[in-house]
Amino acid sequence: MHSPSDGAEARLLHADWLSVLPGDLAKRLRVASARRKCPSGTVFWSYGDKPDGLYGLISGSVRMDTIWSHHGPSMLSTFHAGAWLGEAEFLADSPRITSMSALRACEYLFIGAKTIETIVRERPELWRGIGLLAFEHLSLAVAALDDAMIRSSKARLAAVLVRLCGARLGTAEDTVSLEIDVTQSDLAQMANLSRSVVGGHLEEMERNGIIRRSYGRMSVANIDALRAAAGVDKSPKKDGD
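Residues numbered from 1 in each chain as written. Predicted model: local features only at pLDDT ≥ 70, side-chain atom pairs only at ≥ 80, totals over all residues. Heavy atoms only, no water.

**Some remarks on the sheet that holds strand β9 (residues 179-180)**
Across the sheet, 3 strands lie side by side as β9-β11-β10; this open sheet has antiparallel pairing. Pairing within the sheet leaves two strands with one partner each, and these edge strands are β9 and β10 (211-214). Where β9 lies against strand β11 (residues 217-220), 2 bridges are found, and the strand directions are antiparallel. Directly across from Ile180, in β11, lies its bridge partner Met218. (Pairing = 2+ DSSP bridges. Helix = DSSP H or I, 4+ residues; strand = E, 2+ residues; numbered from the N terminus.)

In structure tokens, the structure reads:
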């Protein structure tokens, strides 16, 4: 009997950024992927660290933060099973510009920096795959900027929740997480609202059967209603999908 983690690992190993590579190169990267586990609270990397590799989440969830603002660390987003992370700094040969930590116990695939550097010297076409992964995350960042300009506070908060679920860009339904590890303070910061306003909107969403709240965690009961509240539709599929 297959476990959910088996499906998540299969999605990781056939992600778009790997699928655009020549078959033998993609296979080499899959073989180089080491399967690892870590407990909740593990820091994968911190701001300013030298990039150590690529991370692909099999299970669990992580949060990404920035410290570029004067008020300290700010939560950027959460990521769930099926996500590959950590590629951007390889393109720029730059230290980490974010920090990333585990919100829950995680199982993940890891491709080390030395492995990537060795392979890319021999097969520079690997940059195309890494570039595609970076473009996917750039698209998410652009969507976040678009969400920040929503005038309605309720719709703006709903858009943040859609993004935290991993459902902002028309993601396949089996990769959307309907449980989010997030505090009301985090949501207030991300939606640029007061905690009291966030609390009122969340209470209304809960009454309407869209979400369920527990301490430090939220469950999405109706993702379609949440998308509608945010004014966010699924992205149209590409021709031929």
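**What about the layout of surface pockets?**
The space that makes up the second largest pocket amounts to roughly 1100 Å³. If you go around the second largest pocket, you meet 33 residues; those closest to its centre are Thr66, Leu76, Ser77, Ala141 and Ala144. Here the lining of the second largest pocket gets 9 residues from one element, more than from any other, and that element is helix α6 (residues 126-148). Across the lining of the second largest pocket, the residue classes break down as 19 nonpolar, 9 polar and 5 charged. (1 Å grid on protein atoms, 1.4 Å probe; cavity = no way out; pocket = protein on both sides within 12 Å on 5 of 7 lines; lining within 4 Å. Points joined across faces, edges and corners; volume = space filled by probe spheres on them. Nonpolar A, V, L, I, M, F, W, Y, C, P; charged D, E, K, R; others polar.)

**Quick notes on the state of the cysteines**
Structurally, a disulfide amounts to a covalent bond that connects the sulfur atoms of two cysteines. A complete count under the given rule lists 0 disulfides for this structure. The thiol of Cys38 is unpaired, and the distance to the nearest cysteine sulfur, on Cys106, comes to 4.6 Å. Judged by its relative accessible area of 3%, Cys106 falls in the buried class. (Disulfide = S-S within 2.5 Å. Buried < 20%, exposed > 50% of the residue type's maximum accessible area, 1.4 Å probe, protein only.)

**A short note on the pairing of strand β5 (residues 74-80)**
β5 sits mainly inside the fold: 6 of its 7 residues count as buried. Pairing geometry for strand β4 (residues 61-66) and β5, over 6 bridges, is antiparallel. Its bridge partner being in β5, Val62 is matched across the sheet by Phe79.

**Quick word on the sheet that holds β5**
Strand order in this open sheet of 4 strands is β2-β7-β4-β5, and the pairing throughout is antiparallel. Bordering the open sheet on either side are β2 (43-45) and β5, each of which pairs with just one other strand. Averaged over all neighbouring strand pairs, the angle between strand axes comes to 25 degrees, with direction disregarded. (Axes fitted to C-alpha atoms, helices over the stretch in contact; angles between N-to-C directions.)

**Some points on the packing of helix α3 (residues 23-32) against helix α5 (residues 113-122)**
Contact pair α3 / α5: the axes reach a minimum separation of 11 Å and the direction vectors enclose 165 degrees. Put simply, α3 runs roughly antiparallel to α5. The way α3 lies across α5 gives a crossing that is right-handed. Contact residues: α3 offers Leu25, Arg28, Leu29 and Ala32, while α5 offers Thr115, Thr118, Ile119 and Glu122. (Parallel < 35°, antiparallel > 145°, perpendicular 65-115°, else oblique. Left-handed = near helix turned anticlockwise from the far one by under 90°. Contact = heavy atoms within 4.5 Å.)

**Let's talk about unusual backbone geometry**
Peptide bonds are trans in most cases, and residues, glycine excluded, mostly fall at negative phi. One non-glycine residue, Asp93, adopts positive backbone phi at about 50 degrees. A positive phi angle, near 55 degrees, is found at Asn192, a position not held by glycine. Along the chain, Asn192 turns up in the loop between α8 (184-191) and α9 (195-207).

**A closer look at the packing of α5 against α6**
Between α5 and α6, whose axes approach to 9 Å, the crossing angle comes to 125 degrees. The angle between the axes of α5 and α6 places the two elements in the oblique class. Facing α5, whose interface residues are Ile116, Ile119 and Val120, α6 presents Leu126, Trp127 and Ile130. Here the residues of the contact of α5 with α6 sort into 6 nonpolar, no polar and no charged.

**Quick word on the side chain of Thr98**
Locating Thr98 in the fold gives a position in the loop between α4 (88-92) and β7 (99-102). Other than its neighbours up to four places away in sequence, Thr98 contacts Trp45, Ser46, Tyr47, Met64, Asp65, Leu76 and Glu89.

**Digging into a nonpolar patch on the surface**
A surface patch of nonpolar side chains, about 260 Å² in accessible area, is lined by Tyr47, Ile67 and Ile97. Position of Tyr47 relative to the elements: it lies in the loop between β2 and β3 (53-59). (Patch = residues over 30% accessible without salt bridge, like charges linked within 9 Å, V, L, I, M, F, W, Y side chains within 5 Å. Areas by Shrake-Rupley, 256 points an atom, 1.4 Å probe, with all protein chains shown as cover. Salt bridge = Lys/Arg side-chain N within 4 Å of Asp/Glu carboxyl O.)

**Looking at the pattern of salt bridges**
This structure, assessed with the given rule, holds 19 salt bridges. A salt bridge links Arg163 to Asp147; the nearest nitrogen and oxygen atoms lie 2.8 Å apart. Highlighted residues: Arg163 in helix α7 (residues 153-164) and Asp147 in helix α6, separated in sequence by 16 residues. Per residue, the accessibility class of Arg163 equals that of Asp147, and both read buried. Residue Glu204 pairs with Lys154 through a salt bridge whose shortest N-O separation is 3.1 Å. Note that Glu204 is positioned in helix α9 and Lys154 in helix α7, a separation of 50 residues in sequence. A single network of salt bridges, built from pairs that share partners, joins Arg104, Glu179, Asp181 and Arg217.

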